[in-house]
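If you want the building blocks of each chain, they are given just below.
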Amino acid sequence: MELRHLRAAVAVADHLHFGRAAAELGIAQPPLSQAVKALERELGVSLFDRDTRHVRLTPAGELFVADARGALALAARAETRARSAGRGDIGELSIGMVGSATLHPLPAVLRAYRTRYPDVVVRFSELPTATQIERLRAHTLDVGFVRPPLPSPADAEFALLPVSREPLLVVLPSDHKLAGQQRLHIRSLVGEPFVRFPRNLGVGLHDQITALCRHAGGFEPRVAQEAIQMQTIVGLVAAGCGVSIVPGSVGALTGLGAVFAELIPTTSPVELALAVPRHGLSPVAAEFVAVTRDVTHVPKTG
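Bear in mind the structure is a predicted one, so any value in this text is a computation, not a measurement.

S.K.: Break down the pairing of strand S5 (residues 143-146) for me, with residues and values.
M.R.: Covered by surrounding structure in S5 are Val143 and Phe145 together with Gly144 and Val146, the residues of both alternating faces. Of the pairings in the sheet, the one linking strand S3 (residues 91-97) to S5 comprises three bridges and is parallel in character. Its bridge partner lying in S5, Met97 is registered against Phe145. Relative to strand S13 (residues 270-277), S5 is paired through three bridges, and the arrangement is antiparallel. Pairing of Phe145 across the sheet is with Leu274, part of S13.

S.K.: Before we move on, can you summarise the pattern of salt bridges with the specific residues and values?
M.R.: Two side chains that carry opposite charge are able to pair once their charged atoms sit near each other. Scanning the model with the defined rule gives 11 salt bridges in all. Note that Arg69 and Asp14 form a salt bridge whose closest N and O atoms lie 2.6 Å from each other. Taken as a pair, Arg69 in helix H4 (residues 59-87) and Asp14 in helix H1 (residues 3-15) lie far apart in primary sequence, 55 residues in all. For Asp14, a relative accessible area of 43% corresponds to the partly exposed category. Salt-bridge contacts for Arg165 lead to Glu271; the nearest nitrogen and oxygen are separated by 3.4 Å. Here Glu271 lies in strand S13 and Arg165 lies in strand S6 (residues 158-166), a separation of 106 residues in the sequence. On the accessibility criterion, Glu271 (27% relative accessible area) is partly exposed.

Quick notes on the rules
Residues numbered from 1 in each chain as written. Predicted model: local features only at pLDDT ≥ 70, side-chain atom pairs only at ≥ 80, totals over all residues. Heavy atoms only, no water. Buried < 20%, exposed > 50% of the residue type's maximum accessible area, 1.4 Å probe, protein only. Helix = DSSP H or I, 4+ residues; strand = E, 2+ residues; numbered from the N terminus. Pairing = 2+ DSSP bridges. Salt bridge = Lys/Arg side-chain N within 4 Å of Asp/Glu carboxyl O.

Encoded structure:
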């Protein structure tokens, strides 16, 4: 039994006239009659009573046509959903992100994406860069907001699309002796205990902060406490566990009992990028990348 047979039966049932049904389907009447006869032979029942003047549904025909309508509607829905999935209009998207990405630029990107693709189910995982790379390799993430650079061979497996560049800030407990200053030289942090995230989970930002302390401050940061998430780092600083240096977007985490200050000397901005698999990108993920480019004004490259 083929869909064309179902369409033929439904069209004849709608018009109770083979000529008009054939015209609706865009075919000649003889092929339509042949299709209906072939269907009746396959079913072993008559679907229509017909004579030279009238066409009527049999009781078996009424039941069959009702189910045929449902089958055709289901087939049409399957076709529509398949085409939508192929365009990236529906499906599921799994996004990884370092903690600071939740402050910027993810809210703006996600707002634009959900406006364009409201039927896509989006899931988030707040993870350090190294863990995101593992999850991307395992195909349990589609894309991820990470802190470059990526270690080899990950740099060959994933394209990095820059989405944000921001300065570094000093974060201090609100009752620290240096609190209240708008700008602080890195040398003023000599001897201070630091709250940091583990290097193995985010090499790029970790090494940039270490190099700043060494070369501009003349000291090695003394780690008093480690934490993975930026909000946790700020909370530990607020609790008096030490000071920290964080990306500028983290300065939005006010009200936790910590204060932020600009850093002297001015450093190269820290970069946030979207890690995208070079191969096997799903249509849903490809559309998310396109929206991210639009919102963050990242030029499209090869």
